[in-house]
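# Fold and contact review
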Amino acid sequence: MLILSCSSKLRLLEGTLRRRLPDTLLVYGSVMTINRGNLAAQEVLVDSWPEFKVVLTRTRREVASDDSDLYTNTYTMYYQDLGAYQALLASAGAVSWGQSFRILGLQDGVYEVSKDIAEAKGIKLEVLPHFTYFHSDPSSMPEIRLDPAMRLSSLDVSHADLLNETWSFGGNEKSRNYLASLIRHYPSICLLDAAGHPVSWIASYPFGAMGPGYTLPQHRRHGYMGMLNNLLSKRLHALGYPSYSYVAMDNYPMQRLQESQGFQRQPNLFYFIFHYPAPVASDNSDFYTNMYAEFYQALLGSEGMIS
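Report follows, based on the coordinates. (Residues numbered from 1 in each chain as written. Predicted model: local features only at pLDDT ≥ 70, side-chain atom pairs only at ≥ 80, totals over all residues. Heavy atoms only, no water.)

## Some thoughts on the pattern of salt bridges
Any two side chains of opposite charge can pair, on the condition that their charged atoms come close. Rule in force here: Salt bridge, as used here: a side-chain nitrogen of Lys or Arg that lies within 4 Å of a carboxyl oxygen of Asp or Glu. Counting from the N terminus, the helices are the DSSP runs of H or I reaching at least four residues and the strands are the DSSP runs of E reaching at least two. Exposed residues in this analysis have more than 50% of their type's maximum accessible area, buried residues have under 20%, and partly exposed residues fall in between, with area computed by a 1.4 Å probe over protein chains only.
Counted according to the given criterion, the structure contains 8 salt bridges. Note that lysine 174 and aspartate 66 form a salt bridge whose closest N and O atoms lie 3.6 Å from each other. On the criterion of sequence distance, the pair formed by lysine 174 in helix 6 (residues 173-185) and aspartate 66 in the loop between strand 3 (54-59) and strand 4 (74-79) is long-range, its members being 108 residues apart. For arginine 176, the salt bridge goes to aspartate 161, with nearest N and O atoms at 2.5 Å. Of the two residues, arginine 176 sits in helix 6 while aspartate 161 sits in helix 5 (residues 160-166), which places them 15 residues apart along the sequence. For arginine 176, a relative accessible area of 21% translates into the label partly exposed. Among the ionic contacts, a cluster of salt bridges with common partners joins Glu14, Arg18 and Arg36.

If you want it as structure tokens, here you go:
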């Protein structure tokens, strides 16, 4: 296992991952954000260099210090060899197995590897698959006519509470802090009403995907999400990022929207794999059980939105 910290090696890795799109979307987006200021304090692990079979990104240990923070404790991965990925994940120091964390991947083997290791370590595991949508050239998307009653803007940190209330992964202080960091550091777009309140919005993640996105129920059926999806795709593309998102498998309206705008559903699913450490003592068992139950129920309660 090697940690790539040299800027020239990271730029070389970015170019290599770009040539392998869309299979590398997650790690490519993460490496891009690292090479452009690294505001999420991430680092890159590979099994070897310059030839590699596995790329794993993670939040730096000094930042990922809260063992219960599923939002900060995020890994993205890409492998060319499943055995090499399993060896890296099982190696000492690659993953903090004593924490609650999530691994994001676009390859079927990522869940099987986590499942095998989790069973051996007595770790609670849950997987949520989503469809992945990718647009190779958002500049070809048609121009958008904005509703004159609305004003186009970017999200502000003062909007974090609203996002936290409506996000399917939100509803707690850790999720609010995570959303505030997304608003502060990454591209976002929203529509404001006459009073200056957001009615529809999309942000973006440290791994380059679009989301979370939401339209307030009383403002739906006006095409606002389609407008913002179009505009943010073009903005990310202009910055050099790939334009992609993940959509819940039962979110048929968002799937139709993506496809109507030229996004292609990818053959591989987008996997969220949540890992919850085994309680070390009976006094802690209720804490971990409740944390898992509350978080998972929030995910299952997702309404029509970009997650």
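The rest of the description comes next.
## Concerning the pairing of strand 9 (residues 198-204)
As a reminder, the rule being used: Following DSSP output, two strands are said to pair if at least two bridges run between them.
Among the 7 residues of strand 9, 7 are classified as buried, and the element is accordingly described as predominantly covered. In sequence, strand 8 (residues 189-192) turns back onto strand 9 through a hairpin of 5 residues, with glycine 196 there showing a positive phi of about 85°. Across 4 bridges, strand 9 lies against strand 10 (residues 210-215) in antiparallel orientation. What sits directly across from isoleucine 202, in strand 10, is glycine 213. Connecting strand 9 to the antiparallel partner strand 10 that follows it, the hairpin turn spans 5 residues, and glycine 208 within it adopts a positive phi of roughly 90°.

## As for unusual backbone geometry
Going from leucine 21 to proline 22, the amide bond is cis rather than trans, its omega being 5°. Relative to the elements of secondary structure, proline 22 occurs in the loop between helix 1 (7-18) and helix 2 (25-35). Backbone torsion omega between glycine 211 and proline 212 reads -5°, so that peptide bond is classified as cis. With respect to the helices and strands, the residue proline 212 is situated in strand 10. For asparagine 38, which is not glycine, the phi torsion reads 50° and is therefore positive. When you line up the elements, asparagine 38 lands in the loop between helix 2 and strand 2 (42-46). Looking at asparagine 38, the relative accessible area reads 14%, which means it is buried. One non-glycine residue with positive phi stands out, namely alanine 41, at about 55°. Inspection of the secondary structure puts alanine 41 in the loop between helix 2 and strand 2. Judged by relative accessible area, alanine 41 falls into the buried class, the value being 15%.

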